[in-house]
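Fold and geometry: a report
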Amino acid sequence: MIKAEGLHKSYGNHVALHHLDLEVKAGSIFGLLGPNGAGKTSFIRIINQITAPDSGQLFFNGEKLSASHIKKIGYLPEERGLYPKMKVGEQLLYLAQLKEVEKSQAKERILKWLKDFQLMDWKDKNVEELSKGMAQKVQFIATLLHQPELLILDEPFTGFDPRNTEIIKKEIQRLGEMGTTIIFSTHRMESVEEICDSIVLINKGKKVLEGSLRDIKQQFRSGNYDLILEESEISTWPAGIEILSQASLQGKLHLKLKLEPENKQSLLQFLSTKNLHLFQEEEAKLHDIFIQTTAEE
Amino acid sequence: MKKIGLIIKREFSTRVRKKSFIILTILGPILMAAVMFLPAYLASLPTDDRVITVLDESLLLDFEKGKDEIRLRYLPPDKFDFASAQAFSEAQGDYAFMHIPLSEGGDPDFVARNVRLFRAGDISVSVESYLENTLEKYLQKEKLKATGVDPEIIARTKTKVNLRVINTDEGLETENATLIKMGIGYVAAFAIYIFIFLYGSQVMRGVIEEKTSRVIEIMVSSVRPFEMMSGKIIGIGLVAMLQFTVWIGLGSLFYVIAVSLFIDPQLAANNLPNAAANISLPDDGLLSIYSSLQSIDFFGIIASFIFYFIFGYLLYAALFAAVGSAVDKESDSQQFMLPISLPLILSLLVIIRALDNPDGDIAFWFSMIPLTSPLVMMARLPFGVAPWELILSMLILLISFVLLTWFASKIYRIGILMYGKKPTFTELLRWARYKN
């Protein structure tokens, strides 16, 4: 869907993007991750054609990115904003028409979305009268009215309460299932783990990590395991096992072990005779991966 | 192009629907009419008569009655002396009491030195100067009589000259109408000045609003910054044109109503009794104005006004938009406003010179410089400007409009996405050089 080749952008002496190569597969929910100032917004602005790269190329569905693609892209910026003195309905119609949606069609879709998001009573109210959460919903609707093939969401959950976050999350997942490609830029790693298929992590304008969420988690396996056993059943452990921590809780022994993959089989055999309550590999947390990789740079 | 149309429509309709716009548009001409007619109306109101008791022992004033609101009441000197006359004046509640003493041997200078005016409190300046003038007039008469000159002869030798100036440049030997031309030039230039400031700053405020409400980021993901900027400028420009047209329309309506209500009845009342004078009046008054108006090329002036009005506004509005994009809040805009308002204010100063000497060097050059030409050329036009000068000035304005708008849009497209520190002029120039 989106392919970047050697994308480079600098502002004066500051390099925002450093010869970035990147690919977002069609139909995927793609996490664009990175610390503040990593170049995420610069990249998003280049896709939106708000700015142009100094060098490098960007392809949309195999075609060189051009003005004709604007109407196929929906963008929810991190800094939300609507015209405060415009009515909700008029504003949505205006933004839809700017994305080249026919007036009558836009009106139909606006009504449907306002109904779905329980905002019908606010259609003829000025935006400044809405609560922050409602205004955010209106902006989310504005991003979708032209049924974009590519949806770019920059921190979509900020400003939403847990209930609305859930509504928006469901909507994003539904759109993903319907085949919309979604670029999802955020700092909130737990939402990435819930939603994204694949991610890229950029830092200081350079790509540091890329791939499907599963592969990356595999790559960052710690080799740590959590065990719960009946207490004092074991006096000696097989070789090649390192006990990181242990604690007694309500008559049960909670252990954290580190073991090399080749020793896993022998450990399982050893444990098969014991009264085992839990044996689980500790999953790599995206949060930790994020901190680890961006700190290395 | 369709998107620019949408932006223009939004900018126009949201502004035109505002209550403040409707109120200002309707109230504007009423206020203007009030400013024009109120002084005249107030002056025409009858004021309280002020009666001045006069004890004229020298019989100097010849029982002069006084004028409009200052009336003189004479007390017979054989029945009143100074004290009783003053008491009488106070008893009557008269405004003031004037005592002209009897001069031994009829010496006017003695009278001049000894005439006195009494009043409990301050005296009005107009009353004082009226009395002084009247006394001077009669004392002069006395002095003329004393030297054996008949005041009648002096009166007959007084001549009023009304210099008839002919402008040979304008083919027909029409009457000169400098004052009317100055008026037209000044009003046209001033109207452009007001509208550039009024609506240019609206463009700036609109851009700042889009920045602070953060709607700009959503907008630039749909339309190009240049489309946004030009849409906003054109939309607000149309609002200006609408307001201006309504003002002219309502203004003329009020004028017609005011003339028919207040001035016409007076003219009719004054003129009906002496029909003969009625015919002779237009000859030296209205008719000469009428004929001199004919010497002014109104079509050319109106066409040029529309041109300078539109392009002057567009030129400045682009700069105002660039300033708005560079700052986060209006209070930060002062520093950048200076280079924009300076040429406008300078134009107003130059206009005063240009009205006095429309073909002078200063007037010529400032009517060529694009930032001052819309105002200065409008001030010169009623006096007649060579076609090549007009065309050159318009051409320069057009080219500068294209260049400046291009330059402003370069700053604008970077500025709208910049938040935080207020940029310096050098930074603005650097923005203009960014590739995209």
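Calculation rules
Going along each chain's sequence as written, the residues are numbered from 1 onward. Ligands are numbered from 1 and chains lettered from A, in the order in which they are written. In view of the model being predicted, local features appear only for residues whose pLDDT reaches at least 70, and side-chain atom pairs are presented and counted only at 80 or more, with totals across whole chains, interfaces and linings using the full set of residues. As a rule here, side-chain values come from all non-hydrogen atoms in the structure, and water together with hydrogens is ignored. For the purposes of this entry, the term helix denotes a DSSP run of H or I that reaches at least four residues, the term strand denotes a run of E that reaches at least two, and both are numbered from the N terminus. Contacts are assigned to residue pairs with any non-hydrogen atoms lying within 4.5 Å of each other. What a helix should span is 1.5 Å times the count of its residues minus one. Whether a residue is buried, partly exposed or exposed follows from its accessible area with a 1.4 Å probe, protein chains only, as a fraction of its type maximum: under 20%, in between, or over 50%, in that order. In short, DSSP must find at least two bridges between two strands for them to pair. Every angle, taken between N-to-C directions, lies between 0 and 180 degrees, and every axis is a line fitted to C-alpha atoms, over only the stretch in contact when it is a helix. One speaks of a salt bridge when a side-chain nitrogen belonging to Lys or Arg is within 4 Å of a carboxyl oxygen belonging to Asp or Glu. One confidence number per residue, pLDDT, is output by the predictor and ranges from 0 to 100. Here is the rule for angles: anything less than 35 degrees is roughly parallel, anything more than 145 is roughly antiparallel, 65 through 115 is roughly perpendicular, and the remaining ranges are oblique. Residues are grouped as follows: Ala, Val, Leu, Ile, Met, Phe, Trp, Tyr, Cys and Pro are nonpolar; Asp, Glu, Lys and Arg are charged; all remaining types, including Gly, are polar. In this entry, domain limits derive from an automatic or database-based domain assignment. Two rings belonging to Phe, Tyr or Trp (six-membered ring only in the last case) form a pair when the distance between their centres is within 6.5 Å. Interplanar angles under 30 degrees mark stacking, angles over 60 mark edge-to-face geometry, and anything in between is tilted. A patch is a set of surface residues, each over 30% in relative accessible area and not in a salt bridge, joined within 9 Å for like charges and within 5 Å for the nonpolar side chains Val, Leu, Ile, Met, Phe, Trp and Tyr. Method for areas: the Shrake-Rupley scheme with a 1.4 Å probe, in which residue coverage is limited to the protein chains shown. Less than a right angle of anticlockwise turn of the near helix away from the far helix marks a crossing as left-handed, whereas a clockwise turn marks it as right-handed.

Position of serine 213 of chain B relative to the elements: it lies in the loop between helix H7 (178-212) and helix H8 (215-220). The residues contacting serine 213 of chain B, other than those within four sequence positions of it, are Arg80, Gly81, Leu82 and Pro84 of chain A.

What follows concerns helix H1 (residues 2-16) of chain B. Its 15 residues give H1 of chain B an end-to-end C-alpha distance of 21 Å, which sits within 8% of 21 Å, the value for a rise of 1.5 Å per residue. Of the positions making up H1 of chain B, those classed as buried are Lys3, Ile4, Leu6, Ile7, Ile8, Arg10, Glu11, Thr14 and Arg15 of chain B.

Residue and element names in this part refer to chain A. What the six strands build is an open sheet, ordered S6-S7-S8-S3-S9-S10; its pairing is mixed. On the outer flanks of this sheet lie strand S6 (73-76) and strand S10 (206-212), each paired with one strand and no other. When strand polarity is set aside, the average angle formed by the axes of neighbouring strands in this sheet is 15 degrees. Sheet topology note: the S6/strand S7 (residues 150-154) ladder contains four bridges and is parallel. What sits directly across from leucine 76, in S7, is leucine 153. Running over the sheet, helix H1 (residues 40-47) touches strand S3 (29-33), S6, S7, strand S8 (181-186) and strand S9 (198-203) and is turned about 150 degrees from S7. Those strands touched by helix H5 (residues 162-177) are S3, S7 and S8, and its axis lies near 145 degrees from that of S8.

Before going further, it helps to spend a moment on the pattern of salt bridges. Applying the stated criterion across every chain yields a total of 32 salt bridges over all chains. Across the pair glutamate 166 of chain A and lysine 169 of chain A runs a salt bridge whose closest N-O atoms are separated by 3.9 Å. Here the residue glutamate 166 of chain A and the residue lysine 169 of chain A both occupy positions in helix H5, the gap between them amounting to three residues, near one helical turn. Here glutamate 64 of chain B ties to lysine 137 of chain B by a salt bridge, and the two come within 4.0 Å at their closest N and O atoms. Of this pair, glutamate 64 of chain B sits in the loop between strand S1 (50-56) and strand S2 (66-67) while lysine 137 of chain B sits in helix H5 (residues 125-146), and the two are 73 residues apart along the sequence. Several salt bridges converge on common partners, so that one network encompasses Arg10, Glu11, Arg15, Glu210 and Lys232 of chain B.

The subject of this paragraph is the confidence of the model for chain B. Residues and elements named next belong to chain B. For chain B, the average pLDDT comes to 84, and 89% of its residues sit at 70 or higher. Here residues 272-283 is modelled with pLDDT under 50, and outside its nearest four sequence neighbours on either side it reaches five contacts, counting other chains as well. In the model output, the complex is listed with pTM 0.76 alongside ipTM 0.82.

Glancing now at the packing of helix H16 (residues 387-415) of chain B against helix H17 (residues 425-433) of chain B. Residues and elements named next belong to chain B. The contact between H16 and H17 brings their axes to 8 Å, and the two run at 100 degrees. The orientation of H16 with respect to H17, classified from their angle, is roughly perpendicular. Note on element contacts: H17 touches H16 through Leu428, Leu429, Trp431 and Ala432, opposite Phe407, Lys410, Ile411, Arg413, Ile414 and Gly415. Grouping the constituent residues of the contact of H16 with H17 by class yields seven nonpolar, one polar and two charged.

A few words on the domain arrangement of chain B. Split by domain assignment, chain B resolves into domain 1 (2-39 + 176-433) and domain 2 (50-157). Taken over C-alpha atoms, the centre of domain 1 of chain B sits 56 Å from the centre of domain 2 of chain B.

Looking now at the packing of aromatic side chains. Residue and element names in this part refer to chain B. A complete count under the given rule lists 26 aromatic pairs over all chains for this structure. Aromatic pair phenylalanine 97 and phenylalanine 118: ring centres 5.8 Å apart, planes at 25 degrees, arrangement stacked. Highlighted residues: phenylalanine 97 in strand S4 (residues 96-100) and phenylalanine 118 in strand S5 (residues 116-118), separated in sequence by 21 residues. Residue class for phenylalanine 118 comes out partly exposed when judged on its relative accessible area of 28%. Seen from their ring centres, phenylalanine 364 and tryptophan 388 are 6.1 Å apart, and the 55 degrees between their planes marks the pair as tilted. Remark: tryptophan 388 occurs in helix H16 and phenylalanine 364 occurs in helix H14 (residues 361-366); sequence separation between them is 24 residues. You can call tryptophan 388 exposed: its relative accessible area is 51%.

On the surface, Ile22, Ile23, Ile26, Leu27, Ile30 and Leu31 of chain B cluster together into a nonpolar patch covering about 530 Å² of accessible area. Along the chain, the position of isoleucine 22 of chain B falls in helix H2 (residues 19-44).

What follows deals with unusual backbone geometry. Residues and elements named next belong to chain A. One non-glycine residue with positive phi stands out, namely glutamate 100, at about 65 degrees. Within the element layout of this structure, glutamate 100 appears in the loop between helix H2 (88-98) and helix H3 (103-116). A positive phi angle, near 50 degrees, is found at glutamate 155, a position not held by glycine. Counting through the fold element by element, glutamate 155 comes out in the loop between S7 and H5.

When you tally the buried positions in H2 of chain A, you get ten out of eleven residues, the bulk of the element. Those residues of H2 of chain A that sit buried are Val88, Gly89, Gln91, Leu92, Leu93, Tyr94, Leu95, Ala96, Gln97 and Leu98 of chain A. Where H2 of chain A is buried, its residues touch H3 and helix H4 (132-144) of chain A together with H1 and H8 of chain B. Glutamate 100 of chain A, located one to two residues past H2 of chain A, shows a positive phi value of around 65 degrees.

A word on the packing of H2 of chain A against H3 of chain A. The description of two helices packed together rests on the angle between their axes and the distance between the axes. All names here are of chain A. Packing of H2 against H3 leaves a shortest axis separation of 10 Å and a crossing angle of 130 degrees. Taken as axis vectors, H2 and H3 run oblique relative to one another. Crossing of H2 against H3: the hand is right-handed. Of the residues in H3, those touching H2 at Val88, Gly89, Leu92, Leu93, Ala96 and Gln97 are Lys103, Ala106, Lys107, Ile110 and Leu114.

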